[in-house]
Amino acid sequence: MLITNIKGLVGVHPKEKLALRGSELANLPVLENAWLLIENGLIKDFGEMQSIPSSISELSSSIDTSGKFVLPSWCDSHSHLVFAASREEEFVMKIEGKSYEDIAAAGGGILNSARKLQLASEDELFESASNRLKELIKLGTGALEIKSGYGLTVDSELKMLRVIKRLKANFPIPIKATFLAAHAYPQEYKNDHQGYINLIIEQMLPAIAEEKLADYIDVFCEKGFFSVEETDQILIAGASYGLKPKIHANQLSVSGGVQIGVKHNAISVDHLEETDAAVLNSLANSDTIATLLPSCSFYLGIPFANARELINANAIVALASDFNPGSTPSGNMNFVVSLACIKLKMLPEEAINSATLNGAAAMELSDKIGSIAIGKKANLIITKTIPSIAFLPYSFGQTQIETVILNGEIYNG
Ligand code: NIG
Ligand code: FE
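About the criteria used
- Every chain is numbered on its own, with residues counted from 1 as its sequence reads.
- Chain labels run from A onward and ligand labels from 1 onward, assigned in the order the entries are written.
- Since the coordinates come from a predicted model, pLDDT governs what is reported: local features require at least 70, and pairs of side-chain atoms require 80 or more to be given and counted, while whole-chain, interface and lining totals use all residues.
- The side-chain quantities take in all heavy atoms of the structure and omit both hydrogens and water.
- Put simply, DSSP H or I for four residues or longer makes a helix, DSSP E for two residues or longer makes a strand, and each gets a number counted from the N terminus.
- Based on C-alpha atoms, the radius of gyration is set beside the globule rule, defined as 2.2 Å times the residue count to the power 0.38.
- Exposed residues in this analysis have more than 50% of their type's maximum accessible area, buried residues have under 20%, and partly exposed residues fall in between, with area computed by a 1.4 Å probe over protein chains only.
- What makes two residues a contact is simply this: any of their non-hydrogen atoms within 4.5 Å.
- Surface accessibility follows the Shrake-Rupley procedure with a 1.4 Å probe radius. Residue values consider only the protein chains on display as shielding.
- For this purpose, a residue is taken to be near a molecule or strand whenever a single non-hydrogen atom of the residue falls within 4 Å of it.
- In the analysis that follows, any N or O atom pair within 3.5 Å is treated as a polar contact, provided that within protein one partner can donate a hydrogen and the other can accept it, and provided that, for residues neighboring in sequence, both atoms belong to side chains.
- Under the grouping applied here, Gly and all other residues not named as nonpolar or charged are polar, the nonpolar ones being Ala, Val, Leu, Ile, Met, Phe, Trp, Tyr, Cys and Pro and the charged ones Asp, Glu, Lys and Arg.
- Nitrogen, oxygen and sulfur within 2.8 Å of a metal are treated as its donors, or within 3.2 Å for sodium, potassium and calcium (Na, K, Ca); water is not counted, so a site can appear incomplete.
- Note that the domain bounds reflect an automated or database-derived domain assignment.
- By buried area we mean how much accessible surface two parts lose on assembly, using a 1.4 Å probe and totalling the loss over both.
- What counts as a salt bridge is simple: a side-chain nitrogen of Lys or Arg found within 4 Å of a carboxyl oxygen of Asp or Glu.
- Side-chain atoms within 4.5 Å link the members of a nonpolar core, which is a set of buried Ala, Val, Leu, Ile, Met, Phe, Trp, Tyr and Cys residues.
- Pairing between strands is defined by DSSP: at least two bridges between the two strands are required.
- Working convention: axes come from line fits to C-alpha atoms, limited for helices to the stretch in contact. Angles between N-to-C directions cover 0 to 180 degrees.
- Any helix carries an expected span of 1.5 Å times its number of residues minus one.
- Throughout, the term roughly parallel applies to angles under 35 degrees, roughly antiparallel to angles over 145, roughly perpendicular to angles from 65 to 115, and oblique to all others.
- Working rule for handedness: look at the near helix, and if it is turned counterclockwise from the far one by less than a right angle, call the crossing left-handed; if clockwise, right-handed.

### A closer look at the overall build of the protein
A tally of helices and strands in the protein yields 16 helices and 16 strands. At 21 Å, the protein has a C-alpha radius of gyration in line with the 22 Å of a compact globule built from 413 residues. Oriented by its inertia axes, the alpha-carbon framework of the protein measures out at about 70 × 45 × 45 Å. Taking all 413 residues of the protein together, 59% fall into the buried category. By sequence separation, contacts in the protein at least 24 residues apart represent 73% of the contacts at least 6 residues apart. For the protein, the exposed area adds up to about 15500 Å²; of that, 51% sits on carbon and sulfur atoms.

Structure follows, in structure tokens:
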């Protein structure tokens, strides 16, 4: 497939650039009036229209994209896509003034989702997650991380991870699976934290390793959930099975989650709605990625992460959706990128880099996807006719995507 007359080919980073930190984030290289050739699902070559080789311009299967931009698909590195039921009753409680913690303490929240997931069959979960994933792909998501964490029993955590494994096998995008049994303490372990941690370490982890069901391990390190010491214990056990951490840190308080993540060489620490100087220090120049989830802040009405300070501190910043039924019932990465500009004061270039190359890096996929480079996967977004790339986040709440290309083929869902 050949794409011609591209108004702007966006994200043309050198292939060896695997993550962008600090001031590098503002650099989003765009090749104007370009062509792009795809072969065997990969980017084969690209260049300017004025110097397109005739052997290439004569190819029969070509798409003309005059007035349109081509960019790498969104790489969404944090989602809870597999769940049994929506939670709009909590949405109403929130409108009435209850906080996320109030709802969780009243038996809502994660435990509510866990009760429902425990009753659902693997097939039902696969079916509903597939439907959600098809919608996300149409919205431009071309790589996705999905967490467990609504099982909270040995059987149900395995069930969730098996659903993710089936999604990996059945969808044309790269998917990474993260084991998040340490998402909340089940009711029966409310006063026996060590009992649940032992269940994770002695029963869940070996079974998951045996079936190769997870790529990463996650802990919700937060007041009222998992303490720093408990997180430490779980991450040590995860490491013994080769699972690198991606941590839920500092969503509701400065929890120490960032520092414990950095100590364990986490791929990413996610959320960071609450930060202080020590947090910024620990991420400055660190290879642990700061993954920001502005849709969660928007929906819960909690503070937005301090993207500017993180960028000033020379951190690697990624953007992700956090799609889940409780704190972020939307997986729309176009909206995430808009919010990042509007609320995190990120430049459009910074936001797009964070939602593509750095998102890919937060799944250890940035050698394969997330920018326009020869040999990378041809998972691409073709926009509608738009005046500029900044128009994408500017026109919030609307999709400017005309065509989604996955592995060099038009996705029709
Ligand atoms: O990332 N913070 C923990 N986990 C999810 C919310 C889970 C839920 O409320 O169901 C999050 O926001
Ligand atoms: Fe999350």
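### Describing the site of ligand 1
Lining the immediate surroundings of ligand 1 are 15 residues, of which Y100, Y150, H183, Q251 and S327 lie closest. S327 is positioned with one of its side-chain polar atoms (N or O) 2.5 Å from an oxygen atom of ligand 1. Protein burial of ligand 1: of its 330 Å² of free accessible surface, 100% is covered by the chains. Across the shell around ligand 1, the residue classes break down as 4 nonpolar, 9 polar and 2 charged.

### So, the coordination of the iron ion (ligand 2)
Each donor-metal-donor angle would ideally measure 109.5 degrees in four-coordinate tetrahedral geometry, or 90 or 180 degrees in six-coordinate octahedral geometry. Distances from the iron ion (ligand 2) to its protein donors, H78 (NE2), H80 (NE2), H248 (NE2) and D322 (OD), fall at 2.1 to 2.2 Å. All donors of the iron ion (ligand 2) come from a single chain, and their spacing in sequence reads H-x1-H-x167-H-x73-D. Of this pair, H80 sits in the loop between β6 (74–76) and α2 (88–95) while H248 is found in strand β10 (residues 244–249), placing the two residues 168 residues apart along the sequence. Residue classification places H248 among the buried residues on the basis of a relative accessible area of 3%.

### Let's talk about the domain arrangement of the protein
Taken as a whole, the protein is organised into domain 1 (2–73 + 371–410) and domain 2 (75–361). Taking the mean C-alpha position of each, domain 1 and domain 2 sit 30 Å from one another. Listed per partner, the contact involves 31 residues of domain 1 and 35 residues of domain 2. Between domain 1 and domain 2, roughly 2500 Å² of surface is buried when both sides are summed, and carbon and sulfur atoms account for 66% of that area. When the area that domain 1 buries against domain 2 is broken down by residue, the three leading residues are R21, L25 and P393, summing to 27%. Counting the contacts that link domain 1 with domain 2 gives 1 salt bridge. Between D287 and R21 there is a salt bridge whose closest N-O contact spans 3.0 Å. Broken down by secondary-structure element, the contributors of at least two residues to the side of domain 1 that touches domain 2 are β5 (68–72), α16 (391–394) and β15 (401–406). A total of 3 residues in the side of domain 1 that touches domain 2 trace back to one element, the largest contributor, which is β15.

### Points about unusual backbone geometry
For residues besides glycine, phi is generally negative; the peptide bonds are generally trans as well. Of note, the phi angle at H271 is positive, near 95 degrees, even though the residue is not glycine. Looking at the secondary structure, you find H271 in strand β11 (residues 268–271). A positive phi angle, near 50 degrees, is found at N407, a position not held by glycine. Note on placement: N407 falls in the loop between β15 and β16 (409–410).

### Brief notes about the nonpolar core
W74, V82, L167, F179 and Y196 are the most contacted members of the largest nonpolar core, which has 106 residues in total. Once you skip the residues sitting within four places of it in the chain, F179 turns out to touch S148, E157, L161, I200, M204, L205, I208, A214, Y216, I217 and D218.

### Examining the sheet that holds strand β9 (residues 216–221)
In space, the 8 strands of this open sheet follow the order β6-β7-β8-β9-β10-β11-β12-β13, with parallel pairing throughout. Strands at the two margins of the open sheet, each flanked by one partner only, are β6 and β13 (317–319). The average angle at which neighbouring strand axes cross in this sheet is 25 degrees, direction not considered. Relative to strand β8 (residues 175–182), strand β7 (residues 141–147) is paired through 4 bridges, and the arrangement is parallel. The residue bridging E145 from the neighbouring strand is K176, located in β8.

### A few points about helix α5 (residues 122–138)
Its 17 residues give α5 an end-to-end C-alpha distance of 24 Å, which sits within 8% of 24 Å, the value for a rise of 1.5 Å per residue. Where α5 is concerned, the buried positions are L125, F126, A129, S130, R132, L133, L136 and I137. Buried residues in α5 make contact with α4 (109–119), β7, α6 (154–170), β8 and β15. Looking one or two residues past α5, G140 carries a phi angle of roughly 105 degrees, positive in sign.

### Remarks on the packing of α5 against α6
Between α5 and α6, the shortest axis-to-axis distance is 9 Å and the interhelical angle comes to 50 degrees. Judged on the interaxial angle alone, α6 and α5 are oblique. Helix-helix and strand crossings are classified by hand; for α5 and α6 the assignment is right-handed. For the pair α5 and α6, contact is made by E122, D123, L125, F126, A129, S130 and L133 and by K159, R162, V163, R166, L167 and N170, respectively.

### As for the pairing of strand β3 (residues 42–48)
Bridge count between strand β2 (residues 30–39) and β3: 6 bridges; the pairing is antiparallel. Bridging across to β3, E39 finds its partner in L42. Between β2 and β3, which follow one another and run antiparallel, lie 2 residues, and N40 among them has a positive phi close to 50 degrees.

### Points about the environment of L180
With respect to the element layout, L180 can be found in strand β8. Exposure remark for L180: the relative accessible area of 0% places this residue in the buried category. Residues L180 and H80, spaced 100 residues apart in sequence, show a C-alpha to C-alpha distance of 9.7 Å. Contact partners of L180, with chain neighbours within four places excluded, come to H80, K147, S148, G149, E157, D218, V219, F220 and H248.

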